[in-house]
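Coordinates in review
Chain by chain, the residues run as shown.
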Amino acid sequence: QVQLVESGGGLVQPGGSLRLSCAASGSIFSIIGMGWYRQAPGKERQLVAGITSSGRTNYADSVKGRFTISRDNAENMLYLQMNSLKPEDTANYYCTADVRLTGSLPVPSRYWGQGTHVTVSS
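This is a predicted model, so every value here is computed, not measured. Residue numbers here run from 1 along each chain, matching the order of that chain's written sequence. Local features in this predicted model are restricted to residues whose pLDDT is 70 or higher, and side-chain atom pairs enter the listing and the counts only when it is 80 or higher, whereas totals over whole chains, interfaces and linings include all residues. Each side-chain value is worked out from all heavy atoms of the structure, with water and hydrogens disregarded.

Digging into unusual backbone geometry
To be explicit about the condition: Elements are defined by DSSP. Helices are runs of H or I of four residues or more, strands are runs of E of two residues or more, and each kind is numbered from the N terminus. Exposed residues in this analysis have more than 50% of their type's maximum accessible area, buried residues have under 20%, and partly exposed residues fall in between, with area computed by a 1.4 Å probe over protein chains only.
One non-glycine residue, Asn-76, adopts positive backbone phi at about 55 degrees. Positionally, Asn-76 belongs in the loop between strand S7 (67-72) and strand S8 (77-82). Phi angles above zero are rare outside glycine, and Ser-84 is one such case at about 50 degrees. Here Ser-84 lies in the loop between S8 and strand S9 (91-101). Its relative accessible area of 42% is what places Ser-84 among the partly exposed residues.

Digging into the pattern of salt bridges
Note the following rule: Every case where a carboxyl oxygen of Asp or Glu lies within 4 Å of a side-chain nitrogen of Lys or Arg is listed as a salt bridge.
Tallied over the full model, the rule gives four salt bridges. For the salt bridge of Asp-89 with Arg-38, the shortest nitrogen-to-oxygen distance reads 2.9 Å. Taken together, the positions of Asp-89 in the loop between S8 and S9 and Arg-38 in strand S4 (residues 28-39) put the pair 51 residues apart, joining distant regions of the chain. Here the two residues Asp-89 and Arg-38 agree in accessibility, since each one is buried. Lys-64 serves as the salt-bridge partner of Asp-61, at 3.1 Å between the closest nitrogen and oxygen. Within the structure, one salt-bridge network assembled from shared partners comprises Arg-38, Arg-66 and Asp-89.

The following block contains the structure:
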């Protein structure tokens, strides 16, 4: 099985910065794509940013130019650097990983972390 654990959330003022981390562990043969989703009360869960194993990235339009997703393949770590934060960024942030398990067929499965909360408020 695979476990994803997020950290780094908290309270920050508008215009401030936070760095989220996600650690993946378990019977991992390889991790293909990784990403960050977020969900605010009363809103649908949305993709914030994604990254492939080769480092290609994509971002939601609402965070382009402010957020940066990165990963450390050797350590199975995922990061989200969030700058110029806005109140609209307030949400629970979830890490995802598309994982091929050791000893399994080469078909990845999607795993989710439990989330870390970000509040942007003055």
